[in-house]
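# Topology and contacts: notes
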Amino acid sequence: MLKNILFIGFIVWQLQSCKTIDIRQDSQTHTTQQVTLGGIGSDKKETLLHKAFNNTAIPDYTEPLKVTVKLVPFNKQTHKAFTKAAGLQSATVKIKYIDSVAHKPRYVKLQIADKVAVIDALNSTENKSVKNYLSNSNHTAILTGLSIALSPKDLDVITHADAVFLVEKGLKTYALQLYKNNTKTQVISFNQGVVFAYKESYCCWQENKKHQLDIVDLVSAANRCPKKTYRSAKRANKKLNTLNY
């Protein structure tokens, strides 16, 4: 009996530890995939202890999106997640981590700062098919944050940049455009680094003035949508039809 209890406890611990990592009090899902900020998709279960992100769409962001950049020191947990991802991604980024050394290597935590711009883009005519896709699944999310390990050179330039924006580099390909003294300096592609964690945001739906459904907010999985808005577009549409009946 005791062995069974210990075994069950071990499995629960493994499931929790493999699903998310706590990065400066901001829960993120770890990944071994090269995901992109602003991308759309959903989690898919690969094994008992691992989930992968199933990329399904890249919206058209016609205007650059402001991105916040934070430098965060590695700890045992994040370094383990990085090591696993580095073995499966193309970028050659080496991190020398020693737990007993006070000065730890750092990674970059990116977050889309302009949520309104993302919502406007998703509601635009350019993203009509993407919006329709989102409306058919309340389990589909937008990647609004991620953690990435960069080479010393890229880490240095992004640290000293005055501003960073998510921009379209090519057809359905996005990268980070850096600015210094109001001048474009360097572009960093996501495949130049090793992405090992991401943060998802989900759509909140509401009726607009034309009695149509719009995305009006983005919330994390742990948060509820604001009053009179719904995570499910179908539920929002049902509410809309009831009110118009």
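Preceding block: the structure.
Residues numbered from 1 in each chain as written. Predicted model: local features only at pLDDT ≥ 70, side-chain atom pairs only at ≥ 80, totals over all residues. Heavy atoms only, no water.

Turning our attention to the state of the cysteines. Under the definition given, this model contains one disulfide. Here Cys204 connects covalently by a disulfide to Cys225, the sulfurs 2.0 Å from one another. Its S-S torsion of approximately -90° makes the covalent link between Cys204 and Cys225 left-handed. Taken together, the residues span a long stretch of sequence, with Cys204 in strand β11 (residues 194-207) and Cys225 in the loop between β12 (213-219) and α6 (233-244) at a distance of 21 residues. Considered together, Cys204 and Cys225 belong to a single accessibility category, that of buried residues. There is no disulfide at Cys203, and the cysteine sulfur nearest it, in Cys204, is 7.7 Å away. Judged by its relative accessible area of 5%, Cys203 is buried. (Disulfide = S-S within 2.5 Å. Helix = DSSP H or I, 4+ residues; strand = E, 2+ residues; numbered from the N terminus. Buried < 20%, exposed > 50% of the residue type's maximum accessible area, 1.4 Å probe, protein only.)

Structurally, Thr140 is set in the loop between α4 (128-135) and β7 (141-149). Measuring from C-alpha to C-alpha, the distance between Thr140 and Asn54 comes to 9.5 Å, with 86 residues separating the pair along the chain. For Thr140, the residues in contact, after removing those within four places along its chain, are Ile40, Gly41, Ser42, Tyr133, Leu134 and Tyr202. Side-chain polar atoms of Thr140 contact the side chain of Ser137, separated by 3.1 Å. (Contact = heavy atoms within 4.5 Å. Polar contact = N/O pair within 3.5 Å; in protein donor to acceptor, adjacent residues only side chain to side chain.)

Turning next to the packing of aromatic side chains. Aromatic ring pairs: the centre-centre distance and the angle between the two ring planes describe each pair. Scanning all chains against the criterion turns up six aromatic pairs. Ring geometry for Tyr61 against Tyr174: centres 5.6 Å apart, planes inclined by 70°, an arrangement best described as edge-to-face. One end of the pair, Tyr61, is in the loop between β4 (50-57) and β5 (65-73); the other, Tyr174, is in strand β9 (residues 173-180), and 113 residues separate them in sequence. Ring pairing ties together the aromatic residues Phe74, Phe82, Tyr107 and Phe196, which thus form one cluster. Taking the ring centre of Tyr202 as reference, the NZ or CZ of Arg231 above it sits at 4.2 Å. (Phe/Tyr/Trp six-rings, centres within 6.5 Å; stacked < 30°, edge-to-face > 60°. Lys NZ or Arg CZ within 6 Å of the ring centre and 35° of its normal.)

Within an α-helix, residues lying three or four positions from one another point in the same direction, as the helix has 3.6 residues per turn. Within the span of helix α3 (residues 115-123), buried status applies to Val118, Ile119, Ala121 and Leu122. Taken down its axis, α3 places every buried residue within 160° of arc, on the same side. (Arc of directions from axis to C-beta.)

Before going further, it helps to examine helix α5 (residues 152-159). Where α5 is concerned, the buried positions are Asp154, Leu155 and Ile158. Projected down its long axis, α5 carries its buried residues within an arc of 100°, all on one side. Facing away from the buried side of α5 by over 90 degrees, the exposed positions are Pro152 and Lys153.

Further remarks concern the nonpolar core. If you look at the biggest cluster of nonpolar residues, it comprises 41 residues, and the most contacted ones within it are Leu110, Leu134 and Ile158. Counting residues in hydrophobic clusters, the runner-up holds 14 residues, among them Phe74, Ala91, Ile95 and Tyr97. (Core = buried A, V, L, I, M, F, W, Y, C linked by side-chain atoms within 4.5 Å.)

Another aspect to go through is the environment of Ala161. Mapped onto the elements, Ala161 comes out in the loop between α5 and β8 (163-170). The sequence separation of Ala161 and Leu178 amounts to 17 residues, and the corresponding C-alpha distance is 6.0 Å. Beyond its immediate sequence surroundings of up to four residues, Ala161 is in contact with Leu178 and Tyr179.

On to the pattern of salt bridges. In total, this model carries four salt bridges according to the counting rule given. Two residues, Asp99 and Lys76, come together in a salt bridge whose shortest N-O distance is 3.7 Å. With a gap of 23 residues between them, Asp99 in the loop between α2 (76-86) and β6 (106-112) and Lys76 in helix α2 connect regions that are remote in the sequence. Since its relative accessible area comes to 56%, Lys76 is described here as exposed. A salt bridge links Lys180 to Asp162, with the shortest nitrogen-to-oxygen separation between them at 3.6 Å. Of the two residues, Lys180 sits in strand β9 while Asp162 sits in the loop between α5 and β8, which places them 18 residues apart along the sequence. (Salt bridge = Lys/Arg side-chain N within 4 Å of Asp/Glu carboxyl O.)

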